Amino acid sequence: MDIHRCRFVPFPPSTINALAFSHSHISKDQKAAPPRLAVGRANGDIELWNPQGGAWLQETIIRGGKDRSIDGLVWTQDPTEEVDGKTFIGKSRLFSIGYTTTVTEWDLAKGRPLRQASGNHGEIWCIAAQPPLSKSEKGAAPGQWEGQRLIAGCTDGALVLYSTEDEDLQLQRVLVRPSAKKAKVISVVFQNRNIVIAGCTDSTIRIYDIRNGSTVRNMTLGSGPKGGPKEIIVWSVKALRDGTIVSGDSTGEIKIWDGKLYTLRQRIKSHQQDVLSLATNFDGSAIFSGGMDRRTVVYKPAGKGKGRWAEVAHRRFHTHDVKTMASFEGGGLSVIVSGGPDASPTVVPLGQYGFENQRSLPFLPQDTLTRSAPKRGLMMNWWDREIHIWHIRKDPDCTDNDEDIENKPPQGRKLVAKILIKGEANITSAALNSEGSLLAVSTNSEIKFFQLRPKIEEDILRVSKLPVPSTFCSGARLIQFSPDGKWLCIVRPDSQILPLRLLTSGTSSASSLTIHPKSTKLTRLDRKIEKHVLLGGLGTYDRTIAQLAFSADSRILAVSDISGHIDTFVLTGQEDLSQPLPSNPSEAASPSSSSTSCESESDSDDPDEGNAKRQTICGQTWKRNPSAAFIPKLPSAPVVLSFRPSATSSKLPNGTVALHSTRNNPNPISHSLPGGETRLLVITSTSQIYEFEVLKGSLSDWSRRNPTSVFPEEFKRTLETVRGCIWDVSLGRERVWLYSVGWLWMFDLSRDLPCSPSQNGGERGVVVNGSKKRKRNGNNGGGSGGRERASGAGGAIPDSQLGMGISRSMKRVIHEEVEEDSQLIQDSMDVDSDTNTPDLPDLSLLRRGSKDDDGKRGKGRGGSYESRPHDWHTFKYRPIMGVVLIGEGEEGLGPEVALVERPAWEAGLPGRWEGEQEWRDREVGL
């Protein structure tokens, strides 16, 4: 593969201003929706992450807009109800603030604001949710509402209460009117359901009772340090489970306050600059603080009575301020996530801090913001409301006489177009056709088309806007051109699928481009989801379409949602451009006229339903794949959908009518299924790889012989989620190149993969009592089994590198004879478990060319297995923003691709605070 390494794309990372988990803790017997992490950024985007056992998938991004910022996030859970013996789990609702007077609730399924509320008060600086009603409180007050209200602190000193009752959002009352001193409320938290703690900018922490708005107590922090401001800013406040109050302020101290007497109990100076964020675990036995000095500090109770706290460790996980923190415990996970101006969320182990590594999640989006037009060597990148198009070509050979080569402009690339989208909404998706003549851009509110014409004398592109019918420009979350450029598939914000037919007047030029007035809304299979599931928890959010792919002949369309379902559609009939366009606009189906909710459009699993309503466009019709129901639900969300490229083309020339017309049917339509390449490669968020024969609804022969268990262990243990793939089918090859943020991996699909030692009875297979057992290899010190551990952060730290002063295990001698080992850190994976994988037959060993029990190597197809690797990988490129095809490449080298990297140190991050030691090191050049 011929790689152009690109580091010139100026993608700007956005500061993380807010973090919030949908639940802070989930007990074993608690019925709740799966947890999600919301990340709010300075550009107005909200990212939704799924922890999924430590795999951490960025499921979707709710795009922001111009001059919008997410500065606070909070989740609430509606009360759980029992109706007719069924449990309706309370809805998970997400709210945000942005330094305005408005609180916004978001529709997670559509990625749009659901409702907003505001009042006569100043800009909202902070927000917090009321704790849910406990079981004891339910018994004491049986008629009390069990939901959660919102409390907001304002810049004018006001404290306002918002109600979320009856699935609504309204200003309930203003608890505290603006004060004469104009002290801003910077931080706020509930101590219990009735008591609110507010941290202010006038060296005061105020306690209020929301039942009557009265002041319970004012706690003063004194004056600031000498040489600094007199007023102390309370940046963060938290309340432990026993009522103890913890505050972090601008002096670099955290202060522990008595939750009953409201008096200062202890102060700890642990930061050299302001303490910006605080987090605690569920039982209140650990406190974490993050500051402007980039430190993350851990505190735990010390002393006999455990009434005093002490700093036990500190690390610098971030390169800039630790601006916000959020914690979660439950389902085997115990983590704290922190973020700031360096734009990367960092996952830190909570329960096993010091015994496990931290993990930094990528700041680059899961859906790559890079597209290409291979026929013209164009590469497109976008972010916010801006689009850059580059012409990529090979550098000419440089001679040794070039003395000033460093000062010469780059020869391998040129920025040929730069487009700024009008309006306030950020771009949700963009697509470029293979010829590089058409550009489609979508936001949550509109879709725009642009024509790209080369201006040869200046080597730039002339960009002109094309008209779009009003019925098709209501916004989209995904858009993609078909490989032949004749179809544009639009996925609406509510996950409706709408393929549009693009027409040109006899030429390939886009100058006469029109959109066929007819359109077809494709319906997905009914997945038999029970009503109480759709009405509770995350609702229809799991049915959000996240991936979209066309086959190489543009006759098969595949989409997948977050829950793991895959739906496929086929294009039947032969193209007939002789059919007239509808003269009456009412004859053209308007997609918005029959638009319904995602649930109602997916309520049928009959592939023939809707034939009467299906639109015939240019002699062709989109319909659901008859075998679509046979493709099973995957265990995790697909992150890559890609059809194998076709070796041959079965297209008929334009205008060919394959059937004979009759008097009653002047425009006959063939309903035969496509006959091209139908194998679909699917990769999930947990690095599981499947290949389906779409028209048969089954796994391909290669996928049956090569389950996920035979893939290399190093690949299965990678923490990064796969972002995309590139196919290499030149010279008879069948290679696929997968890429993620930190690696590039090649698999040869023309041969079967060799068995791993665990399948061959090697060192990982242990026979116990006549049955095969699987036992972990190592002594808790590997640290490389990223997928094996359900900690939620990184892998285990080897014993030789532990920095906590103790080991994981201790040895105890009983009666000076018996030695007993006990684990200090329990690991649920340190047990033997039966493997349900049957013994592989000898035929599979021969196919894979692996060694059998006698150590002999089988002969597989394709000649010598020693000369050609089954897979190959490199960690040379990082962080990878995207890899796109820009040409066929030279013979023997494979495809020509552009690999875009965006290192954080080249992203122009804002300035940071540096200590005296760092300044001294910089001066001496260390």
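The model shown is predicted, which means the values in this text are computed figures rather than measured ones. (Residues numbered from 1 in each chain as written. Predicted model: local features only at pLDDT ≥ 70, side-chain atom pairs only at ≥ 80, totals over all residues. Heavy atoms only, no water.)

A closer look at the overall build of the chain
Helix and strand content of the chain: six helices and 62 strands. Counting over 926 residues, the chain shows a buried share of 53%. Residue pairs at least 24 apart in sequence account for 57% of intrachain contacts in the chain once pairs closer than 6 positions are excluded. Accessible surface for the chain amounts to roughly 42100 Å². Of this, 48% is attributable to carbon and sulfur atoms. (Helix = DSSP H or I, 4+ residues; strand = E, 2+ residues; numbered from the N terminus. Buried < 20%, exposed > 50% of the residue type's maximum accessible area, 1.4 Å probe, protein only. Contact = heavy atoms within 4.5 Å. Areas by Shrake-Rupley, 256 points an atom, 1.4 Å probe, with all protein chains shown as cover.)

What about the sheet that holds strand E42 (residues 497-503)?
Read from one edge to the other, the open sheet built from four strands follows the order E40-E41-E42-E43, with strand pairing classed as antiparallel. One side of each edge strand has no neighbouring strand; the edge strands of this open sheet are strand E40 (478-481) and strand E43 (514-515). For strand E41 (residues 487-491) and E42, the ladder comprises five bridges, and the chain directions are antiparallel. The residue bridging Trp-487 from the neighbouring strand is Arg-501, located in E42. (Pairing = 2+ DSSP bridges.)

Notes on the pattern of salt bridges
For the structure on display, the rule yields 36 salt bridges. For the salt bridge of Arg-265 with Asp-258, the shortest nitrogen-to-oxygen distance reads 3.2 Å. Overall, the relative accessible area of 32% leaves Arg-265 in the partly exposed class. Looking at Asp-258, the relative accessible area reads 18%, which means it is buried. Three or more residues are tied together by salt bridges with common partners; here these are Asp-78, Arg-93, Glu-105, Arg-115 and Asp-168. (Salt bridge = Lys/Arg side-chain N within 4 Å of Asp/Glu carboxyl O.)

Description of the sheet that holds strand E61 (residues 880-887)
A sheet is described by the order of its strands in space; here three strands give the open sequence E1-E62-E61, paired in mixed fashion. What marks the edges here is a single partner per strand, and that holds for strand E1 (2-6) and E61. Taken pair by pair, the neighbouring strands of this sheet meet at an average axis angle of 25°, ignoring direction. Relative to strand E62 (residues 896-901), E61 runs antiparallel, the two sharing six bridges. Bridge pairing links Val-884 to Ala-898 in E62. (Axes fitted to C-alpha atoms, helices over the stretch in contact; angles between N-to-C directions.)

Some points on the confidence of the model for the chain
Confidence along the chain averages 82 in pLDDT terms, with 78% of residues attaining 70 or more. Looking at the elements of the chain, mean pLDDT is at its lowest for strand E55 (residues 765-768), recorded as 34, and at its highest for strand E2 (residues 16-21), recorded as 98. Predicted confidence is poor over residues 761-788, with pLDDT under 50, and the contacts of this stretch with residues over four places away or in other chains come to 65 contacts. pLDDT under 50 marks residues 815-865. Its contacts with residues more than four places away, or in other chains, come to 94 contacts. (pLDDT = per-residue confidence, 0-100.)

Digging into the nonpolar core
In this structure, Val-9, Met-379, Met-380, Ile-387, Ile-389 and Leu-439 are the most contacted members of the largest nonpolar core, which totals 35 residues. When residues of this core are traced back to their parent elements, those giving at least two are strand E33 (378-383), strand E34 (386-392), strand E35 (413-420), strand E36 (429-432), strand E37 (438-442), strand E38 (447-455), E61 and E62. Looking at this core element by element, the count peaks at five residues for E33. Filtering out sequence-adjacent residues up to four positions away, Met-380 remains in contact with Leu-369, Thr-370, Arg-371, Ile-387, His-388, Ile-389, Ala-430, Ala-431, Leu-432 and Leu-439. Core analysis: the next-biggest nonpolar cluster, separate from the first, contains 21 residues, Ala-637, Ile-683, Phe-711 and Leu-749 among them. (Core = buried A, V, L, I, M, F, W, Y, C linked by side-chain atoms within 4.5 Å.)

Comments concerning the pairing of strand E52 (residues 724-728)
The element E52 is extensively covered by neighbouring structure, given that five of its five residues are classed as buried. Burial of the side chains of E52 extends over both faces: Gly-724, Ile-726 and Asp-728 are buried on one face and Cys-725 and Trp-727 on the other. As defined by bridge partners, E52 adjoins strand E53 (residues 735-739) across five bridges and the pair is classed as antiparallel. Paired with Gly-724 across the two strands is Tyr-739, which belongs to E53. Once E52 ends, the chain turns through six residues before running back antiparallel as E53, passing Leu-731 with a positive phi of about 55°.

Overview of the environment of Gly-307
By the secondary structure assignment, Gly-307 is in the loop between strand E26 (296-302) and strand E27 (308-315). Placed 41 residues apart in sequence, Gly-307 and Gln-266 show a C-alpha to C-alpha distance of 9.5 Å. Among all residues touching Gly-307, those that are not within four sequence positions of it are Arg-265, Gln-266 and Ala-302.

Comments concerning the packing of aromatic side chains
Under the criterion given, the structure shown has 18 aromatic pairs. On the numbers, 5.3 Å between centres and 70° between planes, the contact of Phe-715 with Trp-745 is edge-to-face. Highlighted residues: Phe-715 in helix H4 (residues 713-716) and Trp-745 in strand E54 (residues 744-748), separated in sequence by 30 residues. As far as burial versus exposure is concerned, Phe-715 and Trp-745 are alike and both buried. Clustering of aromatic rings is evident, with ring pairs tying together Trp-702, Phe-711, Phe-715, Trp-743, Trp-745 and Phe-747. (Phe/Tyr/Trp six-rings, centres within 6.5 Å; stacked < 30°, edge-to-face > 60°.)

Some words on the state of the cysteines
Within this structure, the stated rule accounts for zero disulfides. The thiol sulfur of Cys-126 is not disulfide-bonded, and the nearest other cysteine sulfur, from Cys-154, lies at 7.9 Å. (Disulfide = S-S within 2.5 Å.)

So, the side chain of Ser-270
One can find Ser-270 in the loop between strand E23 (264-269) and strand E24 (275-280). Within the structure, Ser-270 has its side chain in polar contact with the side chain of Tyr-299 (distance 2.2 Å). Excluding its chain neighbours within four sequence positions, the residues that come into contact with Ser-270 are Gly-252, Ser-289, Arg-295, Val-297, Tyr-299 and Glu-311. (Polar contact = N/O pair within 3.5 Å; in protein donor to acceptor, adjacent residues only side chain to side chain.)

Considering the pairing of E36
Residue alternation in E36 divides its side chains into two sets, Ser-429 and Ala-431 and Ala-430 and Leu-432, and both sets are buried. Pairing geometry for E36 and E37, over four bridges, is antiparallel. Within E37, the position partnered with Ser-429 by the bridge is Ser-442. The hairpin formed by E36 and E37 contains five residues between the paired strands, and Gly-436 there has a positive phi angle of roughly 75°.

Considering the side chain of Asp-274
Looking at the element boundaries, Asp-274 is found in the loop between E23 and E24. Buried charged residue Asp-274 carries no salt bridge. Nearest counter-charge: Lys-269, at 7.9 Å. Only 3.0 Å separates the side chain of Asp-274 from the side chain of Trp-235, close enough to count as a polar contact. (Lys, Arg positive; Asp, Glu negative; His and termini not counted.)

A closer look at the environment of Tyr-690
Within the secondary structure, Tyr-690 sits in strand E50 (residues 689-693). Exposure remark for Tyr-690: the relative accessible area of 17% places this residue in the buried category. Sequence spacing of Tyr-690 and Thr-708 is 18 residues, and the spatial spacing of their C-alpha atoms is 7.9 Å. Each residue touching Tyr-690, except ones within four places of it in the same chain, is listed here: Leu-634, Pro-635, Leu-680, Leu-681, Val-682, Thr-684, Leu-699 and Ser-703. Looking at Tyr-690, its side chain comes within polar contact range of the side chain of Gln-688, at 3.5 Å.

Here we look at unusual backbone geometry
The phi angle of most residues is negative, glycine excepted, and most peptide bonds adopt the trans form. The peptide bond linking Arg-878 to Pro-879 adopts the cis configuration, its omega dihedral lying at -10°. Residue Tyr-99 is not a glycine yet carries a positive backbone phi of 55°. Examined against the element boundaries, Tyr-99 turns out to sit in the loop between strand E9 (92-97) and strand E10 (102-107). A positive phi angle, near 55°, is found at Cys-618, a position not held by glycine. For Cys-618, a relative accessible area of 6% gives the class buried.

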